[in-house]
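The lines below spell out each chain.
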Amino acid sequence: MNWQYHIFSPYRVCPLGAHVDHQHGIVTGFAINKGVDLWFNVRDDSKVHLTSLSFEGEVEFDLGRRSEVREKHWGDYARGAKYALKKRFDLQRGIDGVIQGSLPVGGLSSSAAVLIAYVMAFAKANGITLRPFEVVQIASEAEREYIGLNNGLLDQACIALGKKNGLLFLDCDSNEWRIIPFGRKPQAASVSQGEGLEDLFEIGIFFSGLTRSLVNSDYNLRVYECKTAAWNMLAYQNQPLKTFDKTFLRDIPKETYDKTRDMMPLRFARRAEHFYSEYRRVRQGVTAWESGNLQLFGKLSFDSCESSIHNYECGSRELISIYNIMRPLQGVYGGRFSGAGFKGAVIALVDPKYKEEIEKELTEKYLAEYPEYTETFKVFWVKPDDGARFV
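Asker: Which parts of the structure should I look at to understand the packing of aromatic side chains?
Answerer: Aromatic ring pairs are reported here in terms of the distance separating the ring centres and the angle at which the planes meet. On inspection of all chains with the given rule, the structure shows 21 aromatic pairs. Taken together, a centroid distance of 6.2 Å and an interplanar angle of 15° make the contact between Tyr-118 and Phe-122 stacked. Taken together, the residues Tyr-118 and Phe-122, both in helix α2 (residues 110–125) and 4 residues apart, mark about one turn of the helix. For Tyr-118, a relative accessible area of 0% gives the class buried. Arranged with centres 6.0 Å apart and planes meeting at 85°, the rings of Phe-206 and Trp-381 form a pair that is edge-to-face. With Phe-206 in strand β8 (residues 202–207) and Trp-381 in strand β11 (residues 378–382), the pair connects residues that are 175 residues apart, well separated along the chain.

Next comes the structure, spelled out in structure tokens:
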């Protein structure tokens, strides 16, 4: 079939800024050169008809009707995009389309990539012009309110705003963002970008062989624990409590945490410790990136993973094993769990000269420990790329 339009919506990785976007923290990330492709034609009516090259079945619904109840099916992401867009715009023209993902692994925010592709497609079909950050906000709202994942803006921002030659820095409180070229001072996001980063490093994606769904994992539980930690601190200091949906660790000074950490249950203190220490690591990491210190940037990414394991308490046995095998290998600058870190994958920033040796040694050691994943363990090599776009 001849398609009118083709959208590429990349997956993303986050080297620093783990598990803090939902608490209005600061984060970093890259879009990568693997992702979701959506080919589509615009219809004359408001119907949507979708097929997938990655999943079975077809999806049909009407943009003109009220949003349907979730069906716990891959089509929910298209319905979620419709839900969030219809709160703002009149949608009268649907699409016929086919969608495909290029990496069959968890932990790279494929759900956010799919949502962004649908938001862009429905907007195009209806003559709606969206700025990149509007796409971020609409897709995030769809995932929170329709899909049911209490996420922040990290995933969507990396996917929509990423640039192949720089690191995305996003403040999830103010929504200010910029692209930081390596080894130079940050430049405005609107400035055209120069050379890429492919000679500096490649990104290894080490897929454990386990699959996972964030909505069905402990992701939402961790969000509630962070908010409960914030409530504890406010209560111990006799400060007014806000409603749960408006309570964020970012709004509470580190000094308050230092005064109250020993009063609250250990699990809540650990969640807060991760937030405040990750905030410090991101600040240090941005400085390291700006000054061209990839070794320090990588070490901070390792430290982020350690805090994810011990303070945020995520990571399956398999992911922790991959991380422990990967960390001492020559040529690995740094890395951490990707995605929620409950199953999924581990990422690493790697010197390209060593990637074959890294893949060989990691594969041998991991499968010696977990031979049951011989058929499903995968290693992929990707590079930073530009954000979601029409091809």
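Asker: Can you help me understand the layout of surface pockets in this one?
Answerer: Empty space among the atoms becomes apparent when a probe as large as a water molecule is rolled across them. Each pocket or cavity is described by its volume, and for the second largest pocket that value is around 500 Å³. Forming the walls of the second largest pocket are 21 residues, and the residues nearest its centre are His-24, Arg-144, Asn-151, Asp-245 and Phe-248. The set of elements that each furnish at least two residues to the lining of the second largest pocket consists of α3 (132–147) and α5 (219–236). It is α3 that provides the largest number of residues to the lining of the second largest pocket, a total of 4 residues. Of the residues contributing to the lining of the second largest pocket, the split by class is 6 nonpolar, 8 polar and 7 charged.

Asker: Which parts of the structure should I look at to understand the confidence of the model for the protein chain?
Answerer: Counting all residues, the mean pLDDT for the protein chain is 91, and 93% of those residues have values of 70 or more. Every residue in residues 185–195 scores below 50 in pLDDT, and together they form 18 contacts with partners more than four places removed in sequence or on other chains.

Asker: What is the right way to look at the pattern of salt bridges in this model?
Answerer: Between side chains of opposite charge, pairing is possible as soon as their charged atoms come close. In total, this model carries 28 salt bridges according to the counting rule given. Note that Lys-254 is salt-bridged to Asp-258, the shortest N-O span being 2.9 Å. Separated by 4 residues within a single helix, Lys-254 and Asp-258 lie in helix α6 (residues 254–260), roughly one turn from each other. Lys-254 sits in the partly exposed class, given a relative accessible area of 32%. Asp-258 sits in the partly exposed class, given a relative accessible area of 37%. Of the charged contacts, one joins Glu-313 and Arg-270 as a salt bridge, the two residues approaching to 3.5 Å between their closest N and O atoms. Of this pair, Glu-313 sits in the loop between α8 (294–310) and α9 (317–326) while Arg-270 sits in helix α7 (residues 266–290), and the two are 43 residues apart along the sequence. Judged by its relative accessible area of 30%, Arg-270 falls in the partly exposed class.

Asker: Would you explain the sheet that holds β8 in this entry?
Answerer: Two strands in a sheet stick together by hydrogen bonds in their backbones, pointing the same way (parallel) or opposite ways (antiparallel). Here 4 strands make up an open sheet; going across it, the order is β9-β10-β8-β11 and the pairing antiparallel. Edge positions in the open sheet fall to β9 (332–338) and β11, since each of these has one partner strand only. Neighbouring strand axes in the sheet, compared pairwise and without regard to direction, differ in orientation by 20° on average. On top of the sheet, α8 reaches β9 and β10 (345–350); it is set at about 30° to β9, its chief contact.

Asker: Any chance you could explain the packing of α2 against α3 here in plain terms?
Answerer: A pair of packed helices can be characterised by two numbers: the angle between their axes and the separation between those axes. Look at α2 against α3: their axes get within 9 Å of each other, and the N-to-C directions meet at 120°. Judged by the inter-axis angle, α2 sits oblique to α3. Crossing hand, α2 versus α3: right-handed. Of the residues in α3, those in contact with Ser-111, Ala-112, Leu-115, Ile-116, Val-119 and Met-120 of α2 are Val-135, Ile-138, Ala-139, Ala-142 and Glu-143. Class assignment for the residues of the contact of α2 with α3 results in 9 nonpolar, 1 polar and 1 charged.

Asker: I tried to follow the pairing of strand β4 (residues 58–62) on my own but got confused; where do I start?
Answerer: Across a regular strand the side chains alternate sides, sitting on one face of the sheet and then on the other. Pairing of strand β3 (residues 47–52) with β4, which is carried by 5 bridges, proceeds in the antiparallel orientation. Its bridge partner lying in β4, His-49 is registered against Glu-60. Where β3 folds back onto β4 in an antiparallel hairpin, the turn is made up of 5 residues, including Gly-57, whose phi is positive at roughly 90°.

Asker: Explain the side chain of Thr-247 to me, please; I cannot follow it from the model alone.
Answerer: Its location among the elements puts Thr-247 in the loop between α5 and α6. Of note is the side chain of Thr-247, whose polar atom sits 3.2 Å from the side chain of Trp-231. Polar side-chain contacts of Thr-247 include one of 2.9 Å to the backbone oxygen of Thr-243. Beyond its immediate chain neighbours, meaning those up to four positions away, Thr-247 contacts Gln-23, Lys-227, Ala-230, Trp-231 and Lys-242.

Asker: So what exactly am I meant to see when it comes to unusual backbone geometry here?
Answerer: As a rule of thumb, non-glycine residues mostly have phi less than zero, and peptide bonds are mostly trans rather than cis. Look at Asn-175: it is not a glycine, yet its phi comes out positive at around 65°. Considering the arrangement of structural elements, one finds Asn-175 in the loop between β6 (166–171) and β7 (177–181). Owing to a relative accessible area of 25%, Asn-175 belongs among the partly exposed residues under this scheme.

Cut-offs and rules
- Residues numbered from 1 in each chain as written.
- Predicted model: local features only at pLDDT ≥ 70, side-chain atom pairs only at ≥ 80, totals over all residues.
- Heavy atoms only, no water.
- Phe/Tyr/Trp six-rings, centres within 6.5 Å; stacked < 30°, edge-to-face > 60°.
- Helix = DSSP H or I, 4+ residues; strand = E, 2+ residues; numbered from the N terminus.
- Buried < 20%, exposed > 50% of the residue type's maximum accessible area, 1.4 Å probe, protein only.
- 1 Å grid on protein atoms, 1.4 Å probe; cavity = no way out; pocket = protein on both sides within 12 Å on 5 of 7 lines; lining within 4 Å.
- Points joined across faces, edges and corners; volume = space filled by probe spheres on them.
- Nonpolar A, V, L, I, M, F, W, Y, C, P; charged D, E, K, R; others polar.
- pLDDT = per-residue confidence, 0-100.
- Contact = heavy atoms within 4.5 Å.
- Salt bridge = Lys/Arg side-chain N within 4 Å of Asp/Glu carboxyl O.
- Pairing = 2+ DSSP bridges.
- Axes fitted to C-alpha atoms, helices over the stretch in contact; angles between N-to-C directions.
- Parallel < 35°, antiparallel > 145°, perpendicular 65-115°, else oblique.
- Left-handed = near helix turned anticlockwise from the far one by under 90°.
- Polar contact = N/O pair within 3.5 Å; in protein donor to acceptor, adjacent residues only side chain to side chain.

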